[in-house]
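# Notes for the structure review
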Amino acid sequence: MIEIELDGKKVEVTEGSMVMHAADKAGTYIPHFCYHKKLSIAANCRMCLVDVEKAPKPMPACATPVTQGMIVRTKSEKAIKAQQSVMEFLLINHPLDCPICDQGGECQLQDLAVGYGGSSSRYEEEKRVVFHKDVGPLISMEEMSRCIHCTRCVRFGQEVAGVMELGMTQRGEHSEIETFLGDSVDSELSGNMIDICPVGALTSKPFRYSARTWELSRRKSVSPHDSTGSNLIVQVKNNRVMRVVPLENEEVNECWIADRDRFSYEALNGPERLTQPMLKQGGQWHQVDWQTALEYVANGLKQIKADHGAQSIGTLVSPHSTLEELQLAAMLTRELGSDNIDYRLRNAEFTAFEGVRWLGTSIASLTQLQRALVVGSNLRKDHPLFAQRIRQAVRKGAALSVITSAGLMADRDAWAITVAQSTIVEADQWVEALAAVAAAIGKTNGATAPLAPQNEPDAAAQAIATSLLNGERKAILLGNAAAHHAQASSLLALANWIGAQTGATVGYLTEAANTVGAQLVGAFPKNGGLDAGRMLAAGSGLKAVLLLNTEPVFDSAAGAAAADVIGNAQMVVTLSPFKANLEFSDVLLPIAPFTETPGTFVNAEGRVQGFHAVVKPQGEARPAWKVLRVLANLLGLPGFAFESTADVLRTIGDNGSVPAHALNNATAANAVASSGAVAAPVVASIYQLDSIVRRAPSLQLTADARNASAAPARAEEALA
């Protein structure tokens, strides 16, 4: 530690820190633009000039290392005059368009100009003009004359997103921030550039000109998409979600969110929202009241149970549903006498397991890894913020190894992470590839691997084994494709054995916002019921199907065939915020999305995160937990006297974080050799993951969405 004097106060900071870090620790604000705590130091805006004793001129606080006994003054006449001079230069070419700028009211330049700017300008020459640029559907670069060349966006792309999509061309006042060769900005984290831009040069294209920041109320929430559980601030005007930005949480999402967390809100205000219960009669859809719809469902379930037995009733639930919704769906199904409930719609294997399949370590620890093996994942697209953390670990020297298919890693730069060792083979060879790694480790450790590979370990397998045998902080991470694999239990058994031999943690990256939560509440067959695979297979025998927040055609491994199977049922009930499953449903019940209902998500690391509704439900939509409670009451089922989501949570039991021993440690006996062709695992693309992102117009205009499968047919077309 080094002690310095800052504005007359003694401050202790770590050796190698900058004056800016000392000021942050002391609670002293130094004006700045280019400095950002998560980015490298550029020192190009010069706004943070401070007076350092014995220095001949003011020094930039962000790039001046502290030394023992250093005396720094941030409020001296010398410092203030230097900061005022810098501000004068920054405002020379800046347009006077604050009244129409989307950044107005939350602009760093605007704020600091009040304190350090002059009342008039001495600059009488013509201001420079930078022509607008079209970089895609998410970021607006139409007012680049406002840019002050802080290069935060450039450094973010290089250091956090991992892709240098923006750069600075030309020199002096002719400098411009632009993409290479006029390309679009396609990073899955690109929206964070909007947040870190200190002026109005980069703004949100979907939000553009729709509201002023002082008109918005702000409420906390949690992302319903991937398993990060990103903390959000949802900004609301007139009971309408207008914008979503990150809520900083170092343990979860730091100060970043993925683009699907940021821009998916568009779907919540879209034309496909279901706002009234609907019944299909004579092939035509009709709006009805809640009493009519729920009585129709209750009477239909009673009749089907009486005619065909309880096992003819099945429930398919989305792991993007809240913990309370999943709990009540499971309770209702089982109280009806059926065990046919499942959240694992995209899985190909449905072996019984105990415990919970989770990350196996904390999210924050991913940044500190020294060795990592990722199996069966398109890491960057499936888990953008996990990929970002592993990218930081690699930047600090970690060695990343990969076993995946070419389709999940289209080229060597697809993840924007340096991969030390990789085995790129088709899915039916993943067990063999992992067995080869295990054999190489066993040979070194003098242990017998649970499954002997068909061939001797090749150089790639040996390199992965050597990497895992070295280092201290290590993790084996199974991706979405590994979880959905036809031999998922074999992959897990081998991973557990390798983890035990190398001291690495073993876990699943997990697909959805509540995949871990769905396991905690038992939203899968426990007593011989049909799993999702059998429920969606021809001849399942289901006569009544409840669909909670899911569209099997897009959310299941069965794909289009699911429509034919479910369509054979006598009654299909869809609970969704959207006009979904119109082709084969008989009843549509409008439920509230995450912004309109309280609830709880459990992320990949087992962190339980509750949230409240931020706006009122649209139209006649109601929170799904209330719909399920009332339906259970109409069915005469006991144990559904819940008054709040807190009452539902109390029925689940221990709501603390998942303990380290809860991961399913499959035994070696479960490992089987790959025999014959194995179908490629079904994995959702980045903007097809759930019903909300599928209906967000701006996300569907991105390059990632265009390259993926087609979005579901528009509801208006289906209704017609």
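Residues numbered from 1 in each chain as written. Predicted model: local features only at pLDDT ≥ 70, side-chain atom pairs only at ≥ 80, totals over all residues. Heavy atoms only, no water.

## Focus on the overall build of the protein chain
Looking only at helices and strands, the protein chain features 23 helices and 27 strands. Taking 27 Å as the expected radius of gyration for a compact globule of 720 residues, we find that the protein chain reaches 28 Å, a close match to that expectation. The proportion of buried residues among the 720 residues of the protein chain is 61%. Long-range pairs, those at least 24 residues apart, make up 71% of the contacts in the protein chain with a sequence separation of at least 6. Here the protein chain has roughly 28000 Å² of accessible surface; of this, 50% comes from carbon and sulfur atoms. Here the protein chain holds 64 positive side-chain charges and 75 negative ones, and the gap between their average locations is 4 Å. (Helix = DSSP H or I, 4+ residues; strand = E, 2+ residues; numbered from the N terminus. Rg over C-alpha atoms; globule rule 2.2 N^0.38 Å. Buried < 20%, exposed > 50% of the residue type's maximum accessible area, 1.4 Å probe, protein only. Contact = heavy atoms within 4.5 Å. Areas by Shrake-Rupley, 256 points an atom, 1.4 Å probe, with all protein chains shown as cover. Lys, Arg positive; Asp, Glu negative; His and termini not counted. Charge placed at Lys NZ, Arg CZ, Asp CG, Glu CD.)

## Focus: empty space enclosed by the protein
Scanning all chains against the criterion turns up 10 cavities of 30 Å³ or more. What the largest cavity holds in volume is close to 310 Å³. Forming the boundary of the largest cavity are 24 residues, of which Tyr 343, Asn 347, His 484, Glu 511 and Thr 515 lie nearest the centre. Considered class by class, the residues forming the lining of the largest cavity number 8 nonpolar, 10 polar and 6 charged. (1 Å grid on protein atoms, 1.4 Å probe; cavity = no way out; pocket = protein on both sides within 12 Å on 5 of 7 lines; lining within 4 Å. Points joined across faces, edges and corners; volume = space filled by probe spheres on them. Nonpolar A, V, L, I, M, F, W, Y, C, P; charged D, E, K, R; others polar.)

## A few points about the packing of aromatic side chains
For the coordinates displayed, the defined rule picks out 3 aromatic pairs. With 5.0 Å between their ring centres and 35° between their planes, Phe 601 and Phe 611 make a pair best called tilted. Of this pair, Phe 601 sits in strand β26 (residues 599-602) while Phe 611 sits in strand β27 (residues 608-611); the two residues are 10 residues apart in sequence, bridging distant segments of the chain. Neither Phe 601 nor Phe 611 differs from the other in exposure class; each is buried. Between Phe 640 and Phe 642, the ring centres sit 6.3 Å apart and the planes meet at 80°, which makes this aromatic pair edge-to-face. Phe 642 shares its class with Phe 640; the two are buried. Geometry around Phe 207 places Arg 243 over its ring, the cationic atom sitting 4.4 Å from the centre. (Phe/Tyr/Trp six-rings, centres within 6.5 Å; stacked < 30°, edge-to-face > 60°. Lys NZ or Arg CZ within 6 Å of the ring centre and 35° of its normal.)

## Some words on the UniProt feature "domain: 4Fe-4S His(Cys)3-ligated-type" (unreviewed entry) in the protein chain
Here the UniProt-annotated "domain: 4Fe-4S His(Cys)3-ligated-type" (unreviewed entry) positions come out as residues 78-117. The straight-line gap between the two end C-alpha atoms of residues 78-117 is 16 Å; of that span, 60% is helix and 0% is strand. (UniProt positions renumbered as here; feature names shortened; annotations may be inferred.)

## Section: the sheet that holds strand β11 (residues 217-222)
Strand order in the open sheet formed by 3 strands is β11-β12-β13, with antiparallel pairing between adjacent strands. Of all the strands in the sheet, just β11 and β13 (240-246) have a single pairing partner and so form its edges. Adjacent strand axes in the sheet meet at a mean angle of 35°, parallel and antiparallel pairs treated alike. Here 6 bridges tie strand β12 (residues 231-237) to β13, and the two strands are oriented antiparallel to one another. Of the residues in β13, the one forming a bridge with Val 234 is Val 244. (Pairing = 2+ DSSP bridges. Axes fitted to C-alpha atoms, helices over the stretch in contact; angles between N-to-C directions.)

## What to know about the layout of surface pockets
Roughly 860 Å³ of volume is contained in the largest pocket. Along the walls of the largest pocket sit 32 residues, with His 36, Ile 194, Asp 195, Ile 196 and Pro 246 positioned nearest its centre. Elements represented by at least two residues in the lining of the largest pocket include exactly α5 (192-196), β10 (203-204), β12, β13 and α6 (259-263). The biggest single contributor to the lining of the largest pocket is β13, with 4 residues. Among the residues making up the lining of the largest pocket, the classes are represented as 15 nonpolar, 7 polar and 10 charged.

## Regarding the packing of helix α11 (residues 430-445) against helix α12 (residues 459-469)
The contact between α11 and α12 brings their axes to 8 Å, and the two run at 55°. As far as their axial angle goes, α12 and α11 are oblique. As α11 runs across α12, the sense of the crossing is right-handed. Contacts between α11 and α12 involve Ala 436, Val 437, Ala 440, Ile 441, Thr 444 and Asn 445 on the former and, on the latter, Ala 461, Gln 462, Ile 464, Ala 465, Leu 468 and Leu 469. For the contact of α11 with α12, the class distribution of residues is 9 nonpolar, 3 polar and no charged. (Parallel < 35°, antiparallel > 145°, perpendicular 65-115°, else oblique. Left-handed = near helix turned anticlockwise from the far one by under 90°.)

## Here's the deal with a nonpolar patch on the surface
A contiguous nonpolar surface patch, about 360 Å² in accessible area, is contributed by Met 164, Phe 180 and Leu 181. Residue position: Phe 180 is located in the loop between β9 (176-179) and α5. Classification of Phe 180 as partly exposed rests on a relative accessible area of 43%. (Patch = residues over 30% accessible without salt bridge, like charges linked within 9 Å, V, L, I, M, F, W, Y side chains within 5 Å. Salt bridge = Lys/Arg side-chain N within 4 Å of Asp/Glu carboxyl O.)

## Quick word on helix α4 (residues 152-161)
When you tally the buried positions in α4, you get 9 out of 10 residues, the bulk of the element. Of all the positions in α4, only Arg 152, Cys 153, Val 154, Arg 155, Phe 156, Gly 157, Glu 159, Val 160 and Ala 161 are classed as buried. The secondary structure elements touched by the buried residues of α4 are α3 (108-116), β8 (166-169), β9, α5 and α10 (384-395).

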